[in-house]
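Chain residues, written in single-letter form:
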Amino acid sequence: MRRFARLFLALAVLAAAFPLLLRHVELRSDITDFLPAAGTEEAAFLLRELRSGAATRLLVAGIEGAAPGELAGISRGMAQRLSADPRFALVTNGSTLVNEEEAALLFAHRYALSPAATPAAFAEPALRASLEGVLDGLQSSAAPLVRRFALADPTGAFLAMLRGWAGEGRVATEHGVWMAAGPRALLLAQTRAAGLDTQAQEAAVAAVRDAFAQAAPPAGARLLLSGPGIFAAEAAATVRADVRLVSTLSFVLVGGFLFWRYRSPMMLAVVAVPLAAGTLAGLAVVAAVFGHVHGAALGFGMTMLGVVDDYPILLVTNRAAGEALRDTARRIWPTLRLAVAAAVAGLAPMLASGFPGLAQLGLFAASGLVAAALATRFLLPALLPPEGLAVRPLPERLAHALLRLPARRGVVLALLALVAVAMAATGGPRMERDLAALSPVPEPVRALDGELRAQVGAPDVRVVLALRADTAEAALQAAERAATALSGAATIDHAARFLPSAATQRARLAALPEDAVLAARLAAAREGLPFRATAFDPFLADVAAARALAPLTPDGLGAAPLLAARIAPLLRQEPDGWRALLLPTDIRDPAALRAAAAGVPGLLLVDIKAETEALLAANTGIALRWAALGAIAVLLLLGAGRGAAGGARIAAALGGALLLTFAALAALGEAITIFHLTAALLLAGVGMDYALFMSRSENTAGEDAARALGSVITCMVTTLLTFGLLALCRTPVLRATGLTVTIGVAAAFLLACALAPRRSTPI
Amino acid sequence: MTGRRALLALPLAAQAPDPLAAVMAVLSATRESRASFVEEKEVPELDRPIVSRGTLAWRAPDRLEKRTTDPAPELFLVEGDRVTLERPQRGLRETIALDAAPELRPLVEALRATLAGDIATLRQHHEVAFSGDTTLWRMVLVPRSLRLRGAVQRIALEGRGGFLAVVETQGNEGRTRLMATPAP
């Protein structure tokens, strides 16, 4: 054991460095880090909405598993508690929760705010109809309610305004709250904190769960919850579970395999040194360059660094009998150096991909690879005894079969050609165009989100219109004009629907009849009805008072939190002015909408789905372009290191492996995402190691060739044991990587064997 | 049918020393009843009372239906926790939960808990003053909720045995008097 004292000391130092480093590194889990920088105004808008738009602040809750009456009770209890919670800007469950102060303010301003306050409503015939309606209401059982509003507001301006706010009644109300089929009571809570504020979102989720528990749910009642806070938590939990499972299993499997191959548990420790050095270097470099590390970049990068297992294996296994390990390191260094340089060249495209997340990943892997290679070359020989570790020879029959593969080169090349033709004929694998497929959020969680949002009637926002103005008033006026222009093609939701511009409010008030005129019309309308002469005095007084009121403006809504919360997502201040959003909720004619929007100056129409797809396509295009550049760099490096023929042989092995991999992915029905492409780059790096080490033995004895083969097989098996497990993960990024690399590594290994130089004397 | 059941309950009730308990016993023995009604509603803003007519139907334990036919058709239905108001001429149909309308519950229970003979629920929402006996009785209810008492000061109920004959509500907005006669 004392022979390995230095090794353990080095490992202890590396292990102690991890917590120290992690304490200074900020970990993030934001999907938009995997989106590119925006090129157009539409794309910039889209990215901003994805990062901080109103949708990212919305928690949707469903309560089910009890009788409708009980569910409604829970919903009310939760709404009451959450409305009082300062973390939430708006809580709605279908019941009207306007507080009295706000109701009084809105009632006073009703003739400025309500769309029903038209001049026609104050003409004598309309007034007559209104009064008859009031009388009818007084006759009904709802008389107390009618008396409360109708005598001061016989034209119904206030109630029409509230009805307009409630929307088109997309959600059925039962027991006074939103109730979907199931039965399932629905509740919406909008947080004040941004969707990206993970901690605040987690606190909001906890508050909702607490409110549910406090509402004394009967046994069996369940709370379903969806929103950014849930997404972040679920994504983190899934990735964590995946990583824990994979790392545990692969640790056991790789450990068992290495123990068998090297007859010693020490090999695991040997392998751990470059791995730890590489991970530390990757973390430190990414944190230094980006200021934070993305969770997915870390997870992906760590597994990617699993490949550096290969380096110590290549070192220990390639030692010739009687050779000092230091000399072996020096002997294989040119090959190892070339392999690492080519791998880094292959990763370079990720740095330029435009996705901050992918750039992190590339940087993490590249710096990790370099650090691990340096640790293998300079650190390991100093830590290990000069004789290294004993290697168990390969089963002879297997070695024979593999080393004789070059004799069948013709068959292999013909097979590759056949696959290439088949791929070309079928159009190759299909590309993933849905951004959601890249999300680390588990599919069931996203499905629930879609279901809840559909039930709550949150419009499927496919098209968003936006405009900018210098002042809030200008933005509201522009929104009003735009909404009018678009009204033929769709129903438009916008801030001025709730809070009209001051100009519109003034115009409505100016159109109100003079006091004496109104009194005369009212007296005429009352003719023959049993109302006393003074019955509508509150109405006359309120109209007179309304004329003297200053318009409500966005900055004067302190006493109207519900109204403020309604317009907040639709009108907001940005560094360069005010932005108003217009959401078409019921698009009757998309082409007409587009044409109408084009006719409104300054109005930006963003087709979310098309724009997202364009972003992804642009991205994939960029990635492919840089991958081509990476491939050229790899070819140049190989040509420089091995000459034209040797370089071509290795390139053929690599290209063939990539071809087989994508053919297999297409056959499996996988839609190719950016993660498959990235994994393919990684695969190219790993496959190159194999080809390089297999063809290093060109002019050497059979014994040396067998050693090289043994080292490459060991590398392949360890890689398969790690990446093969990744293919079982649920997180799309891990699964795509695992699948691609697993198939690719097996293909690369066989091709490396088949395309290795023919030996003059078969063994 | 209903009458016979009420009669059967009478001897038992007569033995009870407390006339209120006796009336409640008769009421709770009445599982179903039907009546026609005339209602006079005074509204301060109107120069004459509104008169409406229709039918009432009670079914134990918790269903009360008030169907107005004149001057405009309307259905006011209380069943369990749910209150439904339907006005077909206006295309109006609204359902609300009593839990969501705390100011409405005492008014509903004034009638419903009385018809059910449920004195405990009645006392939960109102102070109850009783006079008379099972042949002719009168109860005056004063809402316990101060907030509600601001709008409705008292509800007087008169009945004969298990039949609720008069409901008189005194509120800010005037007085409402409902007179019921047993349906054939």
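First, a word on scope: everything that follows refers to the structure included in this document.

Each value, and the rule that gives it
- Residues numbered from 1 in each chain as written.
- Chains lettered and ligands numbered in written order.
- Predicted model: local features only at pLDDT ≥ 70, side-chain atom pairs only at ≥ 80, totals over all residues.
- Helix = DSSP H or I, 4+ residues; strand = E, 2+ residues; numbered from the N terminus.
- Buried ≥ 20, exposed ≤ 12 C-beta atoms within 10 Å, placed from the backbone.
- Contact = placed C-beta atoms within 7 Å.
- Core = buried A, V, L, I, M, F, W, Y, C linked by C-beta atoms within 7 Å.
- Nonpolar A, V, L, I, M, F, W, Y, C, P; charged D, E, K, R; others polar.
- Pairing = 2+ DSSP bridges.
- Axes fitted to C-alpha atoms, helices over the stretch in contact; angles between N-to-C directions.
- Parallel < 35°, antiparallel > 145°, perpendicular 65-115°, else oblique.

1. So, the overall build of chain A
Per the secondary structure count, chain A includes 29 helices and 13 strands. When the 763 residues of chain A are sorted by exposure, 46% land in the buried category.

2. Considerations on the overall build of chain B
The number of helices and strands found in chain B is 5 helices and 11 strands. Relative to its full complement of 184 residues, chain B shows a buried share of 34%. In chain B, 37% of the contacts between residues at least 6 apart in sequence involve partners at least 24 apart.

3. Things to note about the nonpolar core
Counting residues in each nonpolar core, the largest one holds 119 residues, and the members touching the most others are Ala372, Leu683, Tyr690, Met694, Val712, Ala748 and Ala752 of chain A. If sequence neighbours within four positions are ignored, Ala748 of chain A has contacts with Ala653, Leu654, Ala657, Leu683, Val686, Gly687 and Tyr690 of chain A.

4. Focus: the interface of chain B and chain A
Contact residues are listed per partner, giving 22 residues for chain B and 21 residues for chain A. Secondary structure elements with two or more residues in the side of chain B that touches chain A: β2 (50–59), β4 (74–79), β5 (82–87) and β6 (92–97) of chain B. By residue class, the composition of the side of chain B that touches chain A is 11 nonpolar, 2 polar and 9 charged.

5. Quick word on the sheet that holds strand β1 (residues 32–41) of chain B
All names here are of chain B. Within the open sheet, the 11 strands sit side by side as β6-β5-β4-β3-β2-β1-β11-β10-β9-β8-β7. Their pairing is antiparallel. Looking along the sheet, the strands with just one partner apiece sit at the ends: β6 and β7 (126–132). Direction aside, neighbouring strands of the sheet carry axes that sit 15° apart on average. Bridge count for β7 against strand β8 (residues 137–143) is 7 bridges, and the pairing is antiparallel. By the bridge assignment, Gly132 is partnered in β8 with Trp137.

6. A closer look at the packing of helix α14 (residues 325–351) of chain A against helix α15 (residues 356–383) of chain A
Residues and elements named next belong to chain A. Here α14 crosses α15 at 175°, and the two axes come no closer than 10 Å. With respect to each other, α14 and α15 are oriented roughly antiparallel. Side by side, α14 and α15 meet where Leu325, Arg326, Ala329, Trp333, Leu336, Val340, Ala343, Val344, Leu347, Met350 and Leu351 of the first sit next to Leu358, Ala359, Leu361, Gly362, Leu363, Ala365, Ala366, Leu369, Val370, Ala373, Arg377 and Pro381 of the second. A class-by-class count of the residues in the contact of α14 with α15 yields 20 nonpolar, 1 polar and 2 charged.

7. Here we look at the pairing of β4 of chain B
Residue and element names in this part refer to chain B. Direction of pairing for strand β3 (residues 63–70) relative to β4: antiparallel, over a ladder of 6 bridges. Pairing of Arg67 across the sheet is with Leu75, part of β4. Here β3 folds back onto β4, and the loop between the two strands holds 3 residues. Pairing between β4 and β5: 5 bridges, direction antiparallel. Residue pairing for β5: Leu77 is matched across the bridge by Thr84. Once β4 ends, the chain turns through 2 residues before running back antiparallel as β5, passing Gly80 with a positive phi of about 60°.

8. Quick word on the environment of Gly54 of chain B
Take Gly54 of chain B: it is sitting in strand β2. Put simply, Gly54 of chain B and Ser36 of chain B are 18 residues apart on the chain and 5.7 Å apart in space, counted from C-alpha to C-alpha.

9. Concerning unusual backbone geometry
Residue and element names in this part refer to chain A. Residues Gly182 and Pro183 are joined by a peptide bond in cis, for which omega reads -5°. Residues other than glycine seldom take positive phi values, yet Ala216 does so here, at roughly 50°. C-beta crowding within 10 Å serves as the criterion here: with 11 such atoms nearby, Ala216 is assigned to the exposed category. The backbone of Arg263 sits at a positive phi, close to 50°, despite the residue not being glycine. Mapping Arg263 onto the fold places it in the loop between α10 (228–262) and α11 (266–290).

10. So, the pairing of strand β10 (residues 163–171) of chain B
All names here are of chain B. Relative to β10, strand β9 (residues 152–160) runs antiparallel, the two sharing 8 bridges. Across the sheet, Arg160 pairs through a bridge with Phe163, a residue of β10. Joining the antiparallel neighbours β9 and β10 is a turn of 2 residues, in which Gly161 adopts a positive phi near 60°. In this sheet, strand β11 (residues 174–182) lies alongside β10 in antiparallel orientation, the contact comprising 6 bridges. Looking across to β11, one finds that Val166 is bridged to Met179. Hairpin remark: β10 followed by β11, antiparallel, with 2 residues in the connecting loop.

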